[in-house]
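Coordinates in review
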Amino acid sequence: MRNLGGIIIIDFIDMTAKEDQQKVIDVLEMACARDKTKSQVLGLTQLGLVEMTRKKVGQTLAVRYSSPCPSCDGSGRV
């Protein structure tokens, strides 16, 4: 999840066993605890989606993987 930030949704919709869901949450929380970037695992929704937040650091993906449009003097992205 390097360079990702904001609200992150992870889809575990087909995981039905509660024990497996809790194991995934526990491992995700342990991994986030080792990360330098502040992260918080909010839990699993009824739809099987893990919600978490991660502090934004550095450039956005749009800025990182695009460049200003030369045709419109930089108001668009290429």
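It should be noted that the structure appears before, not after, this text.
These lines cover the structure that appears in this document, whether it is placed above or below. Computed from a prediction, not measured in an experiment: that's the story for all the values here.

1. A few points about the pattern of salt bridges
Scanning all chains against the criterion turns up one salt bridge. Across the salt bridge formed by D35 and R54, the nearest N and O atoms sit 2.5 Å from each other. Placement of D35 in the loop between α1 (18-34) and β2 (39-44) and of R54 in strand β3 (residues 49-54) is noted, with a sequence separation of 19 residues between them. For D35, a relative accessible area of 29% gives the class partly exposed. With relative accessibility at 8%, the residue R54 sits in the buried group.

2. Things to note about the sheet that holds β3
The sheet built from three strands is open, its strands ordered β1-β3-β2 with antiparallel pairing. Since the sheet does not close on itself, it has two edges, and those belong to β1 (6-11) and β2, each with one partner. Mean inter-strand twist for the sheet, computed between neighbouring axes without regard to direction, equals 20°. When β2 meets β3, the two strands line up antiparallel, connected through five bridges. For G43, the partnering residue across the bridge sits in β3 and is E51. Strand contacts of α1: β1, β2 and β3, with the helix running at about 175° to β2, the strand carrying the most contacts.

Rules used in this analysis
- Residues numbered from 1 in each chain as written.
- Predicted model: local features only at pLDDT ≥ 70, side-chain atom pairs only at ≥ 80, totals over all residues.
- Heavy atoms only, no water.
- Salt bridge = Lys/Arg side-chain N within 4 Å of Asp/Glu carboxyl O.
- Helix = DSSP H or I, 4+ residues; strand = E, 2+ residues; numbered from the N terminus.
- Buried < 20%, exposed > 50% of the residue type's maximum accessible area, 1.4 Å probe, protein only.
- Pairing = 2+ DSSP bridges.
- Axes fitted to C-alpha atoms, helices over the stretch in contact; angles between N-to-C directions.
- Contact = heavy atoms within 4.5 Å.

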